[in-house]
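Chain by chain, the residues:
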Amino acid sequence: MSVDDEKLMTFADGELTGAEHAEIEVALAEDAGLRERLEAHRAMRARLSSAFDGALSEPVPERLLAAAHKPREAEVVDLAARRAAKWSVREWGAMAASVALGLVIGVGTMQQQTRPMFATAAEGLVARGALSQALDTQLASDAAGAVRIGLSFRDQDGDYCRTFDLTQGATSGVACRENETWAIQLMADSSSGGEIRTVGSSPEVISSVEAMISGEPLDATSERAARDANWR
Amino acid sequence: MTSAAEQTRSDIVAMLPRLRRFARALTGSLADADDIVQIAVERALMRIDQFQQGTRLDSWLFSITRNAWIDEARSRTRRGKVFAPAEAGEQVGYGGEAEVHAKLEADDVWSAMRELPTEQREAVALVCVEGLAYREAADALGVPIGTLTSRLARGREALQVMLGGAT
């Protein structure tokens with residue numbers, strides 16, 4: 001009988017059982033060529049494993065040990081983890097020092113014009129009014145009103161997040177779906193870099209998306225589908 | 001932090017050598033490997049409460065490490081940077097250490113692994129380098145076991161071609 005290579009590999013890795021295993025045993029007893037191929041599989045595996053084994057005997061670098069021992073309180077890198085925490089201006093200050101204050105002032109100004117776009121809730125800062133509506137229904141390809149929508153993606157908890165850009169106020173940010181509202185993860189000043197702003201153009205927003213995203217951003221079709229499913 | 005989480009933390013520390021080995025197989029670069037392990041450790045600690053005691057810590061950490069690598073590779077591409085080629089290892093570190101790095105990275109097996117498509121490389125790294133069973137490797141990668149098996153077979157076939165004989 002001929003044994004295909006995938007099956008032989010599976011055998012070599014000890015993953016075959018029962019009748020299939022016995023079948024290969026029989027074939028091996030009769031076929032020197034097959035025994036040679038089996039040996040090649042085992043040798044390759046041994047070679048692969050020994051090529052990287054150095055890491056097991058080398059001392060672990062200090063920085064990795066330090067990372068593993070770092071107290072959790074000091075960990076503010078991953079924005080996704082911040083979602084459980086309540087929002088406060090002081091916290092933001094620590095994270096995005098230069099933008100926080102300007103932002104809050106900016107928000108205050110905007111709120112005079114229309115219904116407020118933000119409110120504080122149990123989730124921290126959440127979207128309201130035009131922002132909430134845009135996050136709910138607007139697609140990246142739609143014409144921007146007060147809000148322009150950028151990337152939509154899923155975070156590592158599987159929740160939908162979207163980047164947005166306020167057409168007045170030079171502010172861009174990221175919001176994630178949480179308890180039927182949009183919890184603001186980050187906002188940043190996007191005014192630097194010229195009069196025409198692209199969504200998510202601020203480095204803070206880009207890097208927070210990179211920290212939060214799981215998989216690829218949604219394409220236009222999945223974005224529409226997610227919206228039609230109400231971001232659940 | 002709960003005592004269960006503290007226990008997990010010390011288990012993570014004990015896993016560091018294996019995480020480094022896995023990351024080296026994934027990235028083919030000593031410096032990149034440690035960067036990725038660091039990111040993975042930070043992420044694991046942030047989600048330490050999500051780890052279920054009694055399930056396999058190694059699979060969980062491999063999965064986080066692998067995702068850290070995918071994310072890092074993607075964001076570097078976006079920023080227009082590529083991973084440091086093996087020769088760039090000479091600029092990292094200094095003196096004898098850099099030389100050792102460069103030599104190691106120039107190893108046939110390291111070079112051949114770097115040539116493999118990501119999907120095959122991660123399958124090979126989990127099974128052949130880390131010794132995970134197919135089921136565990138498939139779970140760590142979030143793919144069906146049949147997918148894992150065929151990626152592994154294709155990867156090993158390509159390595160066999162690149163590395164010539166079995167020795």
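Just so it is clear, the structure is predicted and the values come from calculations on it, not from any experiment.

> Teacher, can you tell me more about the overall build of chain A here?
For chain A, the count of helices and strands is 10 helices and six strands. Residue pairs in contact within chain A that sit at least 24 positions apart in sequence constitute 49% of those at least 6 positions apart.

> What is the right way to look at the overall build of chain B in this model?
Of regular secondary structure, chain B possesses eight helices and zero strands. Its helices and strands in sequence order give chain B the pattern α-α-α-α-α-α-α-α, from N to C terminus. A burial count over chain B gives 43% of its 167 residues as buried. Partitioning the intrachain contacts of chain B with sequence separation of at least 6 by distance along the chain shows that 64% fall at a separation of at least 24.

> When you look at the nonpolar core in this model, what are you seeing that I'm missing?
The nonpolar side chains of soluble globular proteins are, as a tendency, buried together. Residues Val37(B), Ala40(B), Val41(B), Leu61(B), Val124(B) and Ala137(B) are the most contacted members of the largest nonpolar core, which totals 50 residues. Of the residues forming this core, the biggest block, nine residues, is contributed by helix H2 (residues 30-46) of chain B. The contact partners of Val41(B), leaving out residues within four places of it in the chain, are Leu64(A), Ala67(A), Ala68(A) and Ile12(B). Core analysis: the second largest hydrophobic core is formed by 29 residues, Met117(A), Ala127(A), Ala183(A) and Met212(A) among them.

> What exactly am I supposed to notice about H2(B) here?
Each α-helix winds once per 3.6 residues, and so residues spaced three or four apart point in a common direction. Taking 1.5 Å per residue as the helical rise, H2(B) with its 17 residues ought to reach 24 Å, and the 25 Å between its terminal C-alpha atoms agrees with that figure. For H2(B), the tally of buried residues reaches 12 of 17 residues, placing the bulk of the element in the interior.

> How should I be thinking about the interface of chain A and chain B in this particular structure?
Contacts between chain A and chain B engage 33 residues on the former and 39 residues on the latter. Broken down by secondary-structure element, the contributors of at least two residues to the side of chain A that touches chain B are helix H1 (5-12), helix H3 (32-52), helix H4 (54-57) and helix H5 (62-69) of chain A. Of all the elements, H3(A) adds the most residues to the side of chain A that touches chain B, at 10 residues. Per-class residue counts for the side of chain A that touches chain B are 17 nonpolar, three polar and 13 charged.

> Is there a simple way to explain unusual backbone geometry in this structure?
Residues and elements named next belong to chain A. At Asn 179, a position not held by glycine, the phi torsion is positive, near 45°. Here Asn 179 falls in the exposed class, since 10 other C-beta atoms lie within 10 Å of it. Within the chain, Asn 230 stands out as a residue other than glycine whose phi angle is a positive 60°. Take Asn 230: it is sitting in the segment after helix H10 (220-228).

> Help me understand the packing of H5(A) against H2(B), please; the structure alone is not making it clear to me.
Geometry of a packed helix pair, given as the angle between the helix axes and the separation of the axes. Look at H5(A) against H2(B): their axes get within 9 Å of each other, and the N-to-C directions meet at 10°. Classed by the angle they form, the pair H5(A) and H2(B) counts as roughly parallel. Counting all contacts with H5(A), which are made through Arg63(A), Leu64(A), Ala67(A) and Ala68(A), the residues of H2(B) involved are Asp34(B), Val37(B), Gln38(B), Val41(B) and Glu42(B). In the contact of H5(A) with H2(B), the residues fall into five nonpolar, one polar and three charged.

> Could you clarify how one ought to interpret helix H8 (residues 129-137) of chain A in this entry?
Along H8(A), the positions that sit buried rather than exposed are Leu131(A), Ala134(A) and Leu135(A). For H8(A), the buried positions fall inside an angular range of 95° around the axis, keeping them on one side.

> Hey, could you run me through the confidence of the model for chain B in this one?
Detail in the predicted coordinates should be disregarded across regions flagged by low pLDDT. All names here are of chain B. Per-residue pLDDT for chain B averages 85, and the proportion of residues at 70 or more is 85%. Considering each helix and strand of chain B separately, the mean pLDDT is smallest for helix H4 (residues 95-105), with a value of 69, and largest for helix H6 (residues 118-129), with 96. Low confidence marks residues 86-93, where pLDDT is under 50. Its contacts with residues over four positions away, or in another chain, come to 20 contacts. Our summary of model confidence lists the complex with pTM equal to 0.57 and ipTM equal to 0.84.

> How do you make sense of the confidence of the model for chain A when you look at a structure like this?
All names here are of chain A. Mean pLDDT for chain A: 77, with 74% of residues reaching 70 or above. The secondary structure element of chain A with the lowest average pLDDT is helix H6 (residues 89-95), at 44, and the one with the highest is H1, at 94. Confidence drops under a pLDDT of 50 for residues 74-106, and excluding neighbours within four residues, the segment shows 46 contacts in the predicted structure. Across residues 108-113, confidence stays below pLDDT 50; counting only partners more than four residues off in sequence or on other chains, it has four contacts.

> Can you walk me through the environment of Leu141(B) in this structure?
Mapped onto the secondary structure, Leu141(B) falls in helix H7 (residues 134-141). For Leu141(B) and Asn67(B), which are 74 residues apart along the polypeptide, the C-alpha to C-alpha distance reads 8.9 Å.

About the criteria used
- Residues numbered from 1 in each chain as written.
- Chains lettered and ligands numbered in written order.
- Predicted model: local features only at pLDDT ≥ 70, side-chain atom pairs only at ≥ 80, totals over all residues.
- Helix = DSSP H or I, 4+ residues; strand = E, 2+ residues; numbered from the N terminus.
- Contact = placed C-beta atoms within 7 Å.
- Buried ≥ 20, exposed ≤ 12 C-beta atoms within 10 Å, placed from the backbone.
- Core = buried A, V, L, I, M, F, W, Y, C linked by C-beta atoms within 7 Å.
- Expected span 1.5 Å × (residues − 1).
- Nonpolar A, V, L, I, M, F, W, Y, C, P; charged D, E, K, R; others polar.
- Axes fitted to C-alpha atoms, helices over the stretch in contact; angles between N-to-C directions.
- Parallel < 35°, antiparallel > 145°, perpendicular 65-115°, else oblique.
- Arc of directions from axis to C-beta.
- pLDDT = per-residue confidence, 0-100.

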